[in-house]
Amino acid sequence: MRVLVVGGGGREHALCWALAGSPLLTQLWCAPGNPGTAALAENVPIAATDIAALVAFARAQALDLVVPGPEAPLVAGLSDALGLAGIACCGPSAAAARLEGSKSFAKEICAAAGIPTARWERFDEAAAARAFVRRRGAPVVVKADGLAAGKGVVVAASVAEAEAAIEAFMQARTLGAAGASVVIEECLFGEEISLFALCDGAHAIPFGAAQDHKRVGEGDTGPNTGGMGAFSPPPALTPDLTEAAMARIVRPALAELARQGTPFRGFLFAGLMLTADGPSLIEFNVRLGDPETQCLLPRLHSDLLPALLAACDGELGDFALRWRPEAALAVVLAARGYPGAYAGGSRIGDLAPAEAVPGALVFHSGTALQDGALVAAGGRVLTVCGTGPDLPAAHGAAYRAVGAIAWPDGFYRRDIGRRALGGG
Ligand code: AMP
Ligand code: GLY
């Protein structure tokens, strides 16, 4: 099998790591990849959103499978373009990817399929949005309708905060066109869980779950980020709740998309709130999570490659995946300043001592090589994953490895998994 992974972050490094172990693999490429993927795959200098160049490469190399990591190429039609070229792609069509690309589309699917989710309304006019927020009161959640790389959501504790978000998104256009319309919704309370399913258009199989840490600061303070750390499995998501979420959220969404003529193939990521009334959907993503993937794939016992091929071939109906009875915990090392402005180019010390910690894996999220030296080249720079027989062991391995990395310009949260470990 000749396989291309699309993307260049920690999730894609983890995907390359899992695929590189497959006995079915002949050759692996990653576009554009990073210095971490370069050790496992051949990096191809094509941007993840350059659909034409990716399809041309896939044709020229007669690829058997393309595995997109991020949502942007999917929303832009990578899967459709590869389909026309006769190349399998484990990701949804542009039409099905609107589940992530448009928050209002996702909400309409929820309404049509009876999926539990926060009550919401969409606004194209700032004045109407403001009036609604004043009428409804706080707490309330303001979301830019378009894709905003995790920066388009404000959980507003006060009406003033909600009004400031409306002003920023709709009038100052801090997110460009993505903020032209907003969705304003009810605030949900509970444990937040990332649940993953692998889908073939008609069938969905659970692909593990993780708990992310979205806020930049310890104790879940400060602005939202792409995710500062994650662990798997999350104890809060019992097998019963997993089944409830599959039955009430994932499968109805899949059935509704199929009914509308846009079947969903690939990874479906359901962001859940475990409320007092059961799992409620916060959002759908049409891909794996980052950093969730870095703590999911080390727990996967089965070969990933046949599962991805089965998803492409509509053969997940009687497919089963095996998981290791282990826990994994991933800590993100980010550049000082992230998720605001940060400087690139700072030197990162030797990673070998961290990689040598038993049970630890170091994934590159935003690194580059400069004159042979590893430097930071992104907001989230490294993801260090620890694995072990249980969560405390995984936590220990992860933080021992983090402690072995010398990077004075970076920071990380010291409390990843603390609540699940009973630390309040
Ligand atoms: P999203 O991009 O929709 O996942 O939102 C980013 C984050 O905002 C989520 O991970 C939640 O932590 C929070 N959030 C979004 N919607 C809600 C909601 N309705 N109630 C409470 N928190 C929310
Ligand atoms: N970590 C959340 C995401 O990938 O969207």
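Residues numbered from 1 in each chain as written. Chains lettered and ligands numbered in written order. Predicted model: local features only at pLDDT ≥ 70, side-chain atom pairs only at ≥ 80, totals over all residues. Heavy atoms only, no water.

Here's the deal with the sheet that holds strand β7 (residues 153-156)
Working definition: the strands of a sheet are paired by backbone hydrogen bonds and lie parallel or antiparallel to each other.
Right, so step 1: Here four strands make up an open sheet; going across it, the order is β5-β8-β6-β7 and the pairing antiparallel. The sheet is open, and its two edges are formed by β5 (120-123) and β7, each paired on a single side. Here the average twist between neighbouring strands, direction ignored, is 20 degrees.
Right, so step 2: Contacts from helix α6 (residues 103-113) reach β5, β6 (140-144), β7 and β8 (182-186) within the one sheet, and its direction differs from that of β5 by about 145 degrees. (Pairing = 2+ DSSP bridges. Helix = DSSP H or I, 4+ residues; strand = E, 2+ residues; numbered from the N terminus. Axes fitted to C-alpha atoms, helices over the stretch in contact; angles between N-to-C directions. Contact = heavy atoms within 4.5 Å.)

Things to note about the pattern of salt bridges
Right, so step 1: Evaluation of the coordinates by the stated rule reveals 19 salt bridges.
Right, so step 2: Across the pair R380 and D290 runs a salt bridge whose closest N-O atoms are separated by 3.9 Å. Of the two residues, R380 sits in strand β20 (residues 380-388) while D290 sits in the loop between β15 (278-285) and α10 (292-296), which places them 90 residues apart along the sequence. For the pair formed by R380 and D290, the shared burial category is buried.
Right, so step 3: Ionic pairing is found between R413 and D415, a salt bridge with its closest N-O pair at 2.8 Å. (Salt bridge = Lys/Arg side-chain N within 4 Å of Asp/Glu carboxyl O. Buried < 20%, exposed > 50% of the residue type's maximum accessible area, 1.4 Å probe, protein only.)

A word on the state of the cysteines
Right, so step 1: In this structure the tally under the stated criterion is zero disulfides.
Right, so step 2: Counting only cysteine sulfurs, C16 is the nearest neighbor of C30, a cysteine outside any disulfide, at a range of 3.9 Å.
Right, so step 3: Cysteine C187 is unpaired, with the sulfur of C110 as its nearest cysteine sulfur at 17 Å.
Right, so step 4: The exposure class assigned to C187 is buried, which follows from its relative accessible area of 16%. (Disulfide = S-S within 2.5 Å.)

A closer look at the side chain of S93
Right, so step 1: Mapped onto the fold, S93 is located in the loop between α4 (78-84) and α5 (94-101).
Right, so step 2: When its relative accessible area of 19% is taken as the criterion, S93 is described as buried.
Right, so step 3: Here the side chain of S93 touches A96 through a polar contact of 3.1 Å, landing on its backbone nitrogen.
Right, so step 4: Those residues in contact with S93 that lie beyond four places of it in its chain are L74, S79 and D80. (Polar contact = N/O pair within 3.5 Å; in protein donor to acceptor, adjacent residues only side chain to side chain.)

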